[in-house]
Every structure is written in structure tokens, then in C-alpha cells.
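Coordinate analysis (summary)
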Amino acid sequence: LVRDFRWAIPARYNIGTACADMWAATEPERVALVRCETDGSLAPVGYGDLKRQSDALAHALRERGIGRGDRVAAQLPNMPEAVVAMLATASLGAVWSSCSPDFGVQGVIDRFGQIEPKVLIAAAGYRYAGKNLDLTAKLNEILERLPSLQQLVVVPYSNKAARAGDFRSAARVILWQDFYQAGGEPKFTPVSFEQPLYILYSSGTTGLPKPIVHGHGGILLEHHKLSSLHYNLKPDDRMFFFTTTGWMMWNFLLSGLLTKASIVLYDGNPGQPDPGVL
């Protein structure tokens, strides 16, 4: 009985429209994201820009044959590109899953190896504790163990010299800036209430991490309840939570977009240069 349960809700929609599309149409300059660097510099991204970027990435993924039910995995810092990629994935009815760059090779494989992604979006490097960390060797190890991949999209980030040829994979390899600017008309795939939106994981303390699937409808209702009622977020508020893309709080952080608030993206050591940095 539980196995065959289906929500008796006839509405079809897409959470991507709820997060970016509605506000971009009416208030494109309103700040959606604020990227905060460890040096204190701030870089705002408006709802209009967020929508344009996610539309472009969705178009590029669609051109590669990605659609409803396909898995798009990401190993990215808490950065605007991660938000863009999640919204683009959702708009196609595809399924998102993410790990943070500090995960070891086995930790990534324990998760992504179970869901067989067609696309991996990964950073070639990231910054932590004042150091630039090159992820090329780690990423090549991961690629060897993900035979399902058809497309690798590399975000250079702190590894400015990264080239597509640095990465060994049977999948097509392209840099982010060469991939997502494909253009095209935005299209949102209407989906059912229980259509999978993203996959989170248990900690893996007892065996492999367990993939936990969350649907469009459940996340819309639960996160709208939390952000609007529990957190009392309003359109002029800013929401911040110190998290990586490998923790469920990153997924919840994005729910601030449902309320027309701004969310703050910070990636780095919370104790450097001192505990007051946050």
C-alpha cells in the first residue's frame, strides 16, 4: 500500500518557476544571490540574471539530451554556479544531486556511483583557509569510476588555468563558460507533485550513504512553510546559513528564493582569519 501511494494532486508545475521565473519577470534587478568571498567582497546577482543564466544552462543540457528523470550531479563550492545548475536541472524535470569539493574520491563515488548521473558539473579548484586547492587529480580519479557520464562541465573557479584537455573521461568535456551560454528560449517542463527534484544522502555511518529522493511538490510545500512561516522571511530580507553543497542546509538555503528574499552564498573556512569572519 505504501509502495503504491501517489499524491492525489492533479496540478503540474515546476519548482524552477517558483524560485526564479516569477520574480525575474516583475523585478529583474532585485537581488537574488549575494556571493560573499573570504576577503569580505560581495557580488550580487539579480533575479533577472539568475533566470537568464539558468535558462541558458537548461538549454545547453537539453541540447545534450538531458530530460525528465536524468540525474545531474555536481561537486561545487557554495557559489552562484551551483544555484544556476540546480535551477536549470529542475526546470528540465531532471534530478539534482551535489557534493562539496572537500569530499574525498570514495565519498563522492559512494554517493554518485549509486545514482548513475549523465552529467557531472565540477570545480577544477577551490579556495579554503587562504589556499588554492587544485582538484584536477581528484576529479580524474572520480571520472574513472563514473561510467554512466555523458557530459562533464568544468567550472575553473580558483584553477584559472584549467583546460578541458586536463580531464580524462569517455564523456564529452567542456568548460562552464563555453557550455552554458548556448542561449535559446526558456522552457519549463511541467511535472507531477511527486516528480523527483533532488537526491540527498544519509551520513554513511552504517554502510553506504542512503540516497533519499525528494519531490517537487513536497519540497515546495515544506520549504515554503519553513521559509515563510518558521523563518518569517520577507522580500527585503537576506538569508544566510554557513553550509557546503554537500549538506541538506544548502538545499534549504535556496528556499529563500521562494519568498523573493536574497540568499547569501559563502564558501570558506568559518574560522579564518578569525572566528568573527561570518
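This text goes with the structure placed above it.
We now turn to the structure provided with this report. Sequence positions are assigned chain by chain, starting from 1 and proceeding in written order. Totals for whole chains, interfaces and linings use all residues, but because this is a predicted model, local features are given only for residues with pLDDT of at least 70 and pairs of side-chain atoms are given and counted only at 80 or more. Calculation of side-chain values draws on the structure's entire complement of heavy atoms; hydrogens and water are dropped beforehand.

1. What to know about the overall build of the protein chain
In terms of helices and strands, the protein chain carries eight helices and 13 strands. Relative to the compact-globule value of 19 Å for 278 residues, the protein chain shows a C-alpha radius of gyration of 18 Å, a close match. Projected onto its principal axes, the C-alpha positions of the protein chain cover 45 × 45 × 45 Å. We call a residue buried when its accessible area falls under 20% of the maximum for its residue type, exposed when it is over 50%, and partly exposed in between, using a 1.4 Å probe and counting protein chains only. The 278 residues of the protein chain split such that 53% are buried. The long-range share in the protein chain, meaning contacts at least 24 apart out of those at least 6 apart in sequence, stands at 70%. With residues, only the protein chains shown are counted as cover, and all accessible areas are computed by Shrake-Rupley using a 1.4 Å probe. Summed over its atoms, the accessible surface of the protein chain is roughly 12700 Å², and 55% of this surface lies on carbon and sulfur atoms. Where helices and strands are cited, they refer to DSSP runs of H or I of at least four residues and of E of at least two residues respectively, numbered from the N terminus. Based on C-alpha atoms, the radius of gyration is set beside the globule rule, defined as 2.2 Å times the residue count to the power 0.38. Note on definitions: a residue-residue contact is assigned when non-hydrogen atoms from the two residues lie within 4.5 Å.

2. Let's talk about helix α3 (residues 80–91)
In this scheme, a helix's expected span is set at 1.5 Å multiplied by one less than its residue total. Taking 1.5 Å as the rise per residue, α3 with twelve residues should run 16 Å; its terminal C-alpha atoms sit 17 Å apart, in good agreement. Most of α3 sits inside the fold, with twelve of its twelve residues counted as buried. Where α3 ends, the next residue or the one after it, G93, has phi of about 80°, a positive value.

3. Description of unusual backbone geometry
Geometrically, the link from Q272 to P273 is a cis peptide bond, its omega value of 5° lying close to zero. Along the chain, P273 turns up in the segment after β13 (262–266). Backbone geometry places E116, a non-glycine residue, at a positive phi of 50°. Its location among the elements puts E116 in the loop between α4 (105–115) and β5 (119–123). You will see that A129, though not glycine, has its phi angle at about 55°, which is positive. As for its placement among the helices and strands, A129 is situated in the loop between β6 (125–128) and β7 (131–134).

4. Observations regarding the nonpolar core
Only buried residues count toward a nonpolar core, which is a set of Ala, Val, Leu, Ile, Met, Phe, Trp, Tyr and Cys residues joined through side-chain atoms within 4.5 Å. Residues L33, L50, L57, V83, I121 and W176 are the most contacted members of the largest nonpolar core, which totals 56 residues. With eight residues, α3 is the single largest residue contributor to this core. In this structure W176 touches L57, E81, V84, A85, I121, V153, V154 and V155, once residues within four positions along its chain are discounted. Ranked by size, the runner-up nonpolar core spans 25 residues in total, among them V95, V105, L146 and A171.

5. Some details on the sheet that holds strand β2 (residues 42–46)
Strand pairing is assigned whenever DSSP detects at least two bridges linking the two strands. Reading across the sheet, the four strands line up as β2-β1-β13-β12 and stay open at both edges, with mixed pairing between neighbours. Both edges of this open sheet fall to β2 and β12 (238–240), since each of them pairs with a single strand only. If you compare each strand with its neighbour and ignore which way they point, the axes differ by 25° on average. Sheet analysis places strand β1 (residues 31–36) next to β2, joined by five bridges and oriented antiparallel. Bridging from a neighbouring strand, V34 pairs with P44 of β2. In this analysis, axes come from line fits to C-alpha atoms, helices being fitted only over the stretch in contact, and the angle between any two N-to-C directions falls in the range 0 to 180 degrees. Relative to the sheet, helix α2 (residues 47–63) contacts β1 and β2, its axis offset from that of β2 by approximately 75°. This element, α3, spans β1 and β13 of the sheet and lies at about 140° to β1.

By themselves, these figures tell us nothing about what the structure is for.
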